[in-house]
Amino acid sequence: MKKLCLFLLGSFISCLAISQNQCEVYALKYSAIMHDSTITAHEKDSVNIDFMIWLIKGNGKYILMDAGYLYSVESAKSFDVIDDLRPDSTLQKLALKPEEVTDIILSYQHLDHINSIDMFPNAQVWVQKDDYTYFTTAAWQKGGVNSEFNRKEVKKLIEVHEKGRVTLFEGYNKEIIQGLKIFPGSRNPSLPQYALIKTSLGNMALASDNIWIYYNSDFVTPAPSFRTFDANGYIKAMQKMQTLVNDEKLIVPGYEGSAFTKFPIITEGVIRVK
């Protein structure tokens, strides 16, 4: 009897540990635009492009995959935005305050990923060391590619680093936070990272810019060429994601508006990805 009790206790502790390692994932929409055949191969196709931040909740942490941008920023005004909220204000829909965010994973250093990192004053910002070096130095030297970067964001990231709130890490398939692994894209010179999250349904891939919309993954087609450093790198990232998940519905594109019809709605502009 004693052995049975010990076995049951051990099983309970084991199950509890597994559940503690699992995370919940939410998408919070803060703006949207309408795009058309620049995204897909068919002239009559159109798709809603939503800008989102991704909230990963688990193990006592509130983690954002990217921080979003403010439409008032000059370089964002070229977007034909049809809805617009401050990224930090979307957290109110989940009764969460910006200062409660513990971590921000920067998948990329483009405007819509990095601009609002200073709105979350207590968050530790995680950046691949190679990406940080490229973004803050090499991209601005002769031969560097910086047309999609913004000098103000460079300054902002350096200032956050000086405050001790940036963690530089290195590695592929790197678990930087319990239940969350990071996979950098092509290093030619620098493509977005994607995150692999342990959830109750199994591994979930947050694709970020590696997959803009479902069309990209369905037809293994990279993002539009005017935004692509390395088309082959995008395709390799998509193919790798397919091997990391049990169900391809758990590969979530970075901008697909129809995601808000595929997953449970928590409230307007908020879904739980499950």
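Rules used in this analysis
Residues numbered from 1 in each chain as written. Predicted model: local features only at pLDDT ≥ 70, side-chain atom pairs only at ≥ 80, totals over all residues. Heavy atoms only, no water. Core = buried A, V, L, I, M, F, W, Y, C linked by side-chain atoms within 4.5 Å. Buried < 20%, exposed > 50% of the residue type's maximum accessible area, 1.4 Å probe, protein only. Helix = DSSP H or I, 4+ residues; strand = E, 2+ residues; numbered from the N terminus. Contact = heavy atoms within 4.5 Å. Expected span 1.5 Å × (residues − 1). Polar contact = N/O pair within 3.5 Å; in protein donor to acceptor, adjacent residues only side chain to side chain. Axes fitted to C-alpha atoms, helices over the stretch in contact; angles between N-to-C directions. Parallel < 35°, antiparallel > 145°, perpendicular 65-115°, else oblique. Left-handed = near helix turned anticlockwise from the far one by under 90°.

A. Representation of the nonpolar core. The biggest cluster of nonpolar side chains holds 42 residues, and the ones touching the most others in it are Leu64, Ile104, Leu106, Ile117, Phe120, Val125 and Leu157. Put simply, the parts of the chain that give this core at least two residues each are β1 (24-35), β2 (47-58), α2 (111-114), β6 (124-128), α3 (129-136) and α4 (151-162). A total of 5 residues in this core trace back to one element, the largest contributor, which is β2. Ignoring sequence-local partners within four residues, the contact set of Phe120 consists of Leu64, Ala67, Asp88, Leu91, Pro98, Val101, Ile104 and Arg165. Grouped together as the second largest cluster of nonpolar side chains are 27 residues, Met65, Leu180, Ala195 and Ala259 included.

B. Highlighting α4. If you check α4, its first and last C-alpha atoms are 17 Å apart, about what 12 residues at 1.5 Å a residue would give, namely 16 Å. On its buried face, α4 is in contact with α2, β6, α3 and β7 (166-169). For α4, the N-terminal cap is Asn150; the gap from its side-chain oxygen to the backbone nitrogen of Lys152 is 2.7 Å.

C. Seen up close, the packing of α3 against α4. Orientation of α3 relative to α4, taken along the N-to-C sense of each, is 130 degrees, at an axis distance of 10 Å. By the angle class used here, α3 and α4 are oblique. Every pair of crossing elements has a handedness; the one defined by α3 and α4 is left-handed. Across from Tyr132, Phe135 and Thr136 in α3, the residues of α4 making contact are Glu153, Val154, Leu157, Ile158 and His161.

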